[in-house]
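Commentary on secondary and tertiary structure
Listed here are the chains, written in short residue letters.
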2 protein chains.
Amino acid sequence: MSIELHPIVGIPEVAPGDDLAALIVDGLATSKITLTDRDIVVITHKVVSKAEGRIEQAADDRAYRELAEREARSILRRRGDLLIAQTEHGFICANAGVDRSNVEDGWAVLLPVDPDRSAHRIRLRIERALGASIAVVITDTFGRPWRRGLVDVAIGVSGLPAILDLRGETDARGRTMNVTEIAIVDEIAAAADLVMGKSDQIPAAVVRGLDLTGEGRATDLVRPPEEDMFR
Amino acid sequence: MSIELHPIVGIPEVAPGDDLAALIVDGLATSKITLTDRDIVVITHKVVSKAEGRIEQAADDRAYRELAEREARSILRRRGDLLIAQTEHGFICANAGVDRSNVEDGWAVLLPVDPDRSAHRIRLRIERALGASIAVVITDTFGRPWRRGLVDVAIGVSGLPAILDLRGETDARGRTMNVTEIAIVDEIAAAADLVMGKSDQIPAAVVRGLDLTGEGRATDLVRPPEEDMFR
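Residues numbered from 1 in each chain as written. Chains lettered and ligands numbered in written order. Predicted model: local features only at pLDDT ≥ 70, side-chain atom pairs only at ≥ 80, totals over all residues.

Considering helix 4 (residues 115–130) of chain B
Residues and elements named next belong to chain B. Note the cut-off: Numbering of helices and strands runs from the N terminus; a helix is a DSSP stretch of H or I covering at least four residues, while a strand is a stretch of E covering at least two. Given the number of residues in a helix, its expected span is that number minus one, multiplied by 1.5 Å. Each residue is classified by how many other C-beta atoms fall within 10 Å of its C-beta atom, where C-beta atoms are placed from the backbone; a count of 20 or more means buried, 12 or fewer means exposed, and values in between mean partly exposed. Our arc is simply the arc of the directions from the helix axis toward the C-beta atoms. Here, residues touch in the contact sense if the C-beta positions derived from the backbone fall within 7 Å of one another.
With 16 residues, helix 4 extends 22 Å between its outermost C-alpha atoms, agreeing within 8% with the 22 Å of an ideal straight helix rising 1.5 Å per residue. The set of residues buried in helix 4 consists of Pro115, Asp116, Ser118, Ala119, Ile122, Arg123 and Ile126. Mapping the buried residues of helix 4 onto a view down its axis gives an arc of 155°, with all of them on the same face. Residues of helix 4 that are buried in the fold lie against helix 1 (20–30), strand 2 (40–44), helix 2 (45–51), strand 8 (135–142) and strand 9 (151–158).

See the structure below:
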């Protein structure tokens, strides 16, 4: 079974109050993509945050740092201007997800208040408009300890499991699997980034060919502190 | 520009001394995939390690733990039977990459000695056999701090940059990018895992449609200790 990744082109700059689902539906038409059941629409959180008005002024470095500190539930590390912090959702990332790229000078984009709920809302609106039963994943770009470079991960999901639990399944030789929990929705986020790019105006993509059902949440991906060896 | 992910089926169980490149070439024929220039062949390291004889007996939990300790250059954390360790290559992962799934009972699979070199060797053999200019990525399945679930990452690469450096590039509004280094080869590894699965006998996949050139190494992804805040 093969999988296709298609960029959704033609989505304009998004501003607070915009109907993002409608812009994506238009973008799908421009991209000549007809959604079918089980398609996954992956959206970078930046356009979600903008549509939801989650942007704030940050005139200078100090204002920006204060914004990151305000968005942080707790701070794990500081180095210069960089803060590694846990957000209210539980995600651990740079500057509590507050970002100044791809936004007007003097402004910063925050994470959506409830990205799982945002994903669900956008999913329902696209489903109603197009009559297909789909899933939605909202992504952000995170760094990682130990490995250089950033990768896209899921911060919101609707219509998919966040984690694929293979416990009890057997491998090709009939042995019970060691690898039991796959962060499938993070792999979907990373895959979609391959067609979205960072400097292009492509904030969304379609992942087609995965046969998954379930109702996970991106917050399922937050490792409980008692299981975490690196806080 | 769209991307396709195709599983390579028909690759049999791999044993020490097997010609893995030849098995992949046969699998491509079985899968009716004709490689073209810039295709990326992604291979789970387990078949690479087996072909290279990187499997060892581990009769019980103690032998297995000793093997993991032997493969570790340094140990970051211990919890019960789980070791978080840095390998000789520099990767930080569970049990220094030593794994007992998808191998005969009483045996364990180690990481290839030099996965970048393995990738290069396999690439050249496939290129000679099929006449296409391709890239090869070798993957493993790693856990992450803070986020539940495992994702596939690159541990070997040939014919691709490991990291996409966007420094100096500008975003859609002409501002210099904040997000400067994308771990593109990890995103490719994660994407390929979507068609490989863990319990199926599908140890390789083709990623088609990315237009990348370069000669990175997976060891480029190792974050230098002085930059790392979580050791």
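Topic: unusual backbone geometry
Residues and elements named next belong to chain A. Residues other than glycine seldom take positive phi values, yet lysine 32 does so here, at roughly 55°. As for its placement among the helices and strands, lysine 32 is situated in the loop between helix 1 (20–30) and strand 2 (40–44). Given 8 C-beta atoms within a 10 Å radius, lysine 32 is considered exposed.

Focus: the relation of the copies chain B and chain A
Definition in use: The copies were overlaid by least squares, fitting only the C-alpha atoms of residues that reach a pLDDT of 70 or more in each copy.
Superposition record for chain B on chain A: RMSD 0.0 Å, screw rotation 180°, translation along axis 0.0 Å. Classification of the inter-copy transformation places it as that of a two-fold axis.

Here we look at the packing of helix 1 of chain B against helix 4 of chain B
Residue and element names in this part refer to chain B. So the rule is basically this: Helix axes use the C-alpha atoms of the stretch in contact, all axes being lines fitted to C-alpha atoms, and the angles between their N-to-C directions lie in the range 0 to 180 degrees. Should an angle lie under 35 degrees it is considered roughly parallel, over 145 roughly antiparallel, and from 65 to 115 roughly perpendicular; all remaining angles are considered oblique. Helix crossings fall into two classes, left-handed where the near helix is turned counterclockwise from the far one by less than a right angle and right-handed where it is turned clockwise. Only Asp, Glu, Lys and Arg are considered charged in this grouping, and only Ala, Val, Leu, Ile, Met, Phe, Trp, Tyr, Cys and Pro are considered nonpolar; every other residue, Gly among them, is considered polar.
Two elements in contact, helix 1 and helix 4, have axes whose closest approach is 9 Å; the angle formed by their N-to-C orientations is 45°. Our classification of the angle between helix 1 and helix 4 gives oblique. Judged by the sense of rotation from one axis to the other, the crossing of helix 1 with helix 4 is right-handed. In this structure, helix 1 uses Leu20, Ala21, Ile24 and Val25 to contact helix 4, whose residues at the interface are Ile122, Arg125, Ile126, Ala129 and Leu130. The residue makeup of the contact of helix 1 with helix 4, split by class, is eight nonpolar, no polar and one charged.

A word on the packing of helix 5 (residues 184–196) of chain A against helix 5 (residues 184–196) of chain B
Where helix 5 of chain A contacts helix 5 of chain B, the two axes come as close as 8 Å, and the packing angle between them is 115°. Crossing handedness for the pair helix 5 of chain A and helix 5 of chain B: left-handed. Here Glu187, Ile188, Ala190, Ala191, Asp193 and Leu194 of chain A of helix 5 of chain A lie close against helix 5 of chain B, whose contacting residues are Glu187, Ile188, Ala190, Ala191, Asp193 and Leu194 of chain B. Of the residues contributing to the contact of helix 5 of chain A with helix 5 of chain B, the split by class is eight nonpolar, no polar and four charged.

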